Structure formats: C-alpha cells, structure tokens
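Chain by chain, the residues:
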Amino acid sequence: KQIHVNLGKDSYDIQIEKGLLDHVGAALRKVIQARTLAVISDDTVDGLYGGRLERSLQENGFTVRRMVFPAGESSKSLRMLANLYQGMADAGLTRSDAVITFGGGVTGDLGGFAAATYLRGIPFIQIPTTIIAQVDSSVGGKVAVDLPSGKNQAGSFYQPKAVFIDPELLQTLPIRFIHDGMGEVIKYGCIRDRSLFELLETVDDNSLPAYWEEIIGRCCAIKAAIVERDVFDLGERMILNFGHTIGHAVERYYSYGCYTHGEGVAVGMAMLTCRTEAMGLTQIGTAERIIRLLKRYSLPAAVRASASDLLPYIGHDKKKRGSRLTFIILKKIGVCELLPVAGEDIPHYIRKREFI
Ligand code: NAD
Ligand code: ZN
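Remember, predicted model here, so these are calculated numbers, not experimental data.

**Some words on the coordination of the zinc ion (ligand 2)**
Inference 1: Only Glu184 (OE), His244 (NE2) and His261 (NE2) from the protein coordinate the zinc ion (ligand 2), and they sit 1.9 to 2.1 Å from it.
Inference 2: Counting gaps between the donor residues of the zinc ion (ligand 2) yields the pattern E-x59-H-x16-H. In this pair, His244 is assigned in helix 9 (residues 244-253) and His261 in helix 10 (residues 261-278), connecting sequence segments 17 residues apart.
Inference 3: What makes His244 buried here is its relative accessible area of 6%.
Inference 4: Taking relative accessible area as the criterion, His261 reaches 23% and is therefore assigned partly exposed.

Below, the structure written as structure tokens:
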C-alpha cells in the first residue's frame, strides 16, 4: 500500500508492506541517489533488525554506517545529538549522502533532527518500528530533541524523502508499547474515521497482527491529509491533539513513564468525552463506546488523580496565552471540532465521572 503526502517540492510516499525490510534497499534506490547511508537506531532495534537492514541496503550498492544509541526517551538529548553529529562527520557524510532513522519515535525525532541540521540538512528516510512511529511520528516532519526544561523543546519541521513501514517488525514489540500505540490508533478513529473505530471494535490483541496493514494505512492516510493542509501546525493539525491536553497532564502529574503517552491520551479522550456528552455537545453513548474500546486494548479510561490534582498541569506544555485553551471534542465517533475554552471553565472539562 502506498500513500502520497503532497507537500509540493517536499512531497514523499509512505510505503506499507509486510516483509518490506528485506527489500527496502531496492525501494530506496528508486528514491535517492546517495552513496553512504548513516543508519541511526537504538541498541534494541539495531540488535533485532540492524543486520537485515544493512544487508538489504548493501545488496543495492549503498555503503552503510550503523550508528547506535541506548534505547529510551533519555537519549532524545543534546548530548546524543552531539554524538550523532560526531559520528556523521567521522563517516564523512556529505549532502549527497543520507540518513536513515530506523526505530521508534525517539529514533525518528532525534535522528531526523540530526539530519535536518547537519550541514544545514541532508536527506533522510524514516523506517519506523513501533506503532507510535508507524502511525504518527514518522509522518509529518516534526523532528526534535528534549531539553532539560521540557520535551521536544529544540526541533524543526523537516520532511523525510520517504517512509518505509514493515508491519511485521511489530511482532517483537513488547505488549506495553502495542497498547501505547493503540491509544493513538483509537484517537484517529475518534476524530476522523468511524469505520476504523468500528474495525477496532471487532479486533482484539490476538487478531491485531492480521489487520496491521489496514490499520496503519488508515492512520497514515488521516495524518497525511491533515499535514498536507497544515504543515506548520498552525490550525487543523491541532485536531491530532484530541485527548492530549488532559493526557499530557496525566503523564506529568504522575511523572513521565508511569503512564505511557497512549495511556494518558486514553484517559484524556474518555474523561473529556464523558464531560462533553453530559454537556450535550457529544452524541449520547459516545463516551461509553470509547471506554469499551479502550478496555479492549488494556488502556485506562480514568485515573485516581482528581480534577484539582491535574489542573496545574493542564496546558502547561502549550502556549496558553490569555489562559484560553482549545479543546478538541467529538460531536460523534469520527467527527471532531475545536472548542475554545476560557481559563476559568477548564475545570468543567476534566471532572471525573464517578462510576468509571
Ligand atoms: P521509542 O522510540 O523509545 O520506542 C519504544 C521502545 O520500543 C524502545 O525501547 C525501542 O527500543 C523499542 N522498539 C522499537 N521498535 C521495536 C521493535 N520492532 N521490536 C522491539 N522493540 C522495539 O518510543 P516510541 O514510543 O516509538 O515513540 C515515542 C517518542 O516519539 C516520544 O519521544 C515522542 O515525543 C515522539 N513522538 C513524536 C511525534 C512526531 O510527530 N514527531 C509524534 C508522536 C510521538
Ligand atoms: Zn500523541
């Protein structure tokens, strides 16, 4: 399956295919002319798949330099970025070479930012290996590292030349990360794709692998369409934040790592939709359906923290000038809208529904 992301001279294709890893070299030859490829991965992904990727690339005449960093969010740092620059310089990488980011969202964000800035930008290709990366972070061109003062605080918009997705790589992804990614997948269904939502209602953990191509394809198509209309995140792209305002607060209140990002988003979607449904803004029964679907993929729909616990963390990560905040809310499954909320009204939207 192929999805075109139309961004004028920055356009590219997303290719989704089981087993793609073993012939990605040939696919890449059609996209770029580079000689040397810096393949950036964390140690887990490199250990599992680095050899197979290298072979496929070498068979197609590429010179490969594997650059490996320790797995985990703490590697999305300035220090690791400096290490990558050093490695790229040592490898003699020029602007006619290219970078491949091979891994999850951390690898794509870190390696993509290195590619965006090394020699003022050299071409890069995303080969995402987690659900989060396959349905979200590898598409859209946001690249970044974290600063001590916060996540993604140094970054850029820099589009890849291609995205190659092999759903079979998910076979080795630990179940916690599968569920984490399903939080985002369910989000796509909620905001834009009722039939995806309905598909997820019939699938479960055991039958998921048979549907990866279909699910990833639908998510990428949604993300691509939104990004095409709003590359620099000035408007429509905001709808991708459904569940995230409260989700980020949950992640931060419990300190990062306690709840995965997808779990935070799950809680955010459920909590907010319960409230907007009670307010008459959302079709009756929507929250119930979302909560049932979240449970299907072992995702939480509520947390112990109270509204007043979470409130200090709401909107902290985004510029909340004038204490106004825009919530993304659902009219019904598959249809969302923007709802600007004044600072003093925010607590109404994060009240818990007691019986969850
Ligand atoms: P990650 O890259 O740390 O991957 C999660 C874990 O899975 C790691 O330990 C990794 O080694 C392991 N792993 C990866 N692929 C595997 C595989 N196929 N088999 C076994 N293990 C595998 O994190 P993530 O969850 O993929 O992404 C989270 C990051 O993505 C965050 O930093 C977030 O800010 C970023 N993100 C960016 C965007 C964007 O638009 N740029 C969007 C969403 C998230
Ligand atoms: Zn997210």
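**Structural notes on the site of ligand 1**
Inference 1: For ligand 1, the set of nearby residues contains 26 residues, the closest of which are Asp42, Glu73, Thr129, Thr130 and Thr172.
Inference 2: One of the backbone N or O atoms of Lys142 is found 2.9 Å from a nitrogen atom in ligand 1.
Inference 3: Its free accessible area being 860 Å², ligand 1 has 87% of it covered by the protein chains.
Inference 4: Counting only elements with at least two residues in the shell around ligand 1, the list comes to helix 2 (43-58), helix 4 (105-117), helix 5 (131-137) and strand 8 (150-157).
Inference 5: Ranked by the residues each element gives to the shell around ligand 1, the list is headed by helix 2, at 4 residues.
Inference 6: Of the residues in the shell around ligand 1, the class split is 10 nonpolar, 8 polar and 8 charged.

**Focus on the sheet that holds strand 4 (residues 63-69)**
Inference 1: If you trace the 7 strands from one edge of the open sheet to the other, you get 1-2-9-6-5-3-4, paired in mixed fashion. Among the strands making up the open sheet, the edge pair consists of strand 1 (2-5) and strand 4. Each strand axis lies, on average, 15° off the axis of its neighbour in the sheet, ignoring direction.
Inference 2: Judged from the 5 bridges that link them, strand 5 (residues 98-103) and strand 6 (residues 124-128) form a sheet pairing that is parallel. Across the sheet, Val99 pairs through a bridge with Phe124, a residue of strand 6.
Inference 3: Strands strand 3 (36-42), strand 4 and strand 5 of the sheet are contacted by helix 3 (residues 78-90), whose axis makes an angle of about 160° with strand 4.

**Regarding the domain arrangement of the protein**
Inference 1: Domain boundaries in the protein define domain 1 (2-172) and domain 2 (175-349).
Inference 2: Measuring from the centre of the C-alpha atoms in domain 1 to the corresponding centre in domain 2 gives 27 Å.
Inference 3: Between domain 1 and domain 2, roughly 2100 Å² of surface is buried when both sides are summed, and carbon and sulfur atoms account for 71% of that area.
Inference 4: Between Asp233 and Lys142 there is a salt bridge; the shortest N-O distance is 2.8 Å.
Inference 5: Scanning the region where domain 1 abuts domain 2 turns up 6 residue pairs in polar contact (both at pLDDT 80 or more).

**Some words on unusual backbone geometry**
Inference 1: Here the phi dihedral of Asn152 falls at roughly 55°; this positive angle occurs in a residue that is not glycine.
Inference 2: With respect to the helices and strands, the residue Asn152 is situated in strand 8.
Inference 3: By relative accessible area, which is 38% here, Asn152 ends up partly exposed.

**As for the packing of helix 6 (residues 175-192) against helix 7 (residues 194-202)**
Inference 1: One way to put it is that helix 6 packs onto helix 7 with a least axis distance of 6 Å and a crossing angle of 135°. Taken together, helix 6 and helix 7 sit at an angle that is classed as oblique. Contacts from Met182, Val185, Ile186, Tyr188, Gly189, Cys190 and Arg192 in helix 6 reach Arg194, Leu196, Phe197 and Leu200 in helix 7.
Inference 2: The residue makeup of the contact of helix 6 with helix 7, split by class, is 8 nonpolar, 1 polar and 2 charged.

**Side note on a nonpolar patch on the surface**
Inference 1: A cluster of nonpolar residues, Phe157, Phe232 and Leu234, forms a patch on the protein surface that exposes about 350 Å² of accessible area.
Inference 2: Considering the arrangement of structural elements, one finds Leu234 in the loop between helix 8 (212-229) and helix 9.
Inference 3: Classification of Leu234 as exposed rests on a relative accessible area of 73%.

**Focus on the environment of Thr107**
Inference 1: Topologically, Thr107 is positioned in helix 4.
Inference 2: Spatially, the C-alpha atom of Thr107 lies 31 Å from that of Glu201, the residues being 94 residues apart in sequence.
Inference 3: Aside from chain neighbours lying at most four places away, what touches Thr107 is Ile40, Ser41, Asp42, Phe69, Thr101, Phe102 and Gly112.

**Here's the deal with helix 4**
Inference 1: Between its first and last C-alpha atoms helix 4 spans 18 Å; for 13 residues at 1.5 Å apiece the expected length is 18 Å, and the two agree.
Inference 2: For helix 4, a buried count of 12 out of 13 residues is recorded, marking the element as mostly surrounded by other parts of the structure.
Inference 3: Among all positions in helix 4, only Gly105, Val106, Thr107, Gly108, Asp109, Leu110, Gly111, Gly112, Phe113, Ala114, Ala115 and Ala116 are buried.
Inference 4: Phi turns positive one or two residues past the end of helix 4, at Leu119, with a value near 55°.

Definitions and limits used
Residues numbered from 1 in each chain as written. Chains lettered and ligands numbered in written order. Predicted model: local features only at pLDDT ≥ 70, side-chain atom pairs only at ≥ 80, totals over all residues. Heavy atoms only, no water. Donors = N, O, S within 2.8 Å, 3.2 Å for Na, K, Ca; no water. Helix = DSSP H or I, 4+ residues; strand = E, 2+ residues; numbered from the N terminus. Buried < 20%, exposed > 50% of the residue type's maximum accessible area, 1.4 Å probe, protein only. Near = heavy atom within 4 Å. Polar contact = N/O pair within 3.5 Å; in protein donor to acceptor, adjacent residues only side chain to side chain. Areas by Shrake-Rupley, 256 points an atom, 1.4 Å probe, with all protein chains shown as cover. Nonpolar A, V, L, I, M, F, W, Y, C, P; charged D, E, K, R; others polar. Pairing = 2+ DSSP bridges. Axes fitted to C-alpha atoms, helices over the stretch in contact; angles between N-to-C directions. Contact = heavy atoms within 4.5 Å. Domains from an automatic or database assignment. Buried area = accessible area lost by both parts, 1.4 Å probe. Salt bridge = Lys/Arg side-chain N within 4 Å of Asp/Glu carboxyl O. Parallel < 35°, antiparallel > 145°, perpendicular 65-115°, else oblique. Patch = residues over 30% accessible without salt bridge, like charges linked within 9 Å, V, L, I, M, F, W, Y side chains within 5 Å. Expected span 1.5 Å × (residues − 1).

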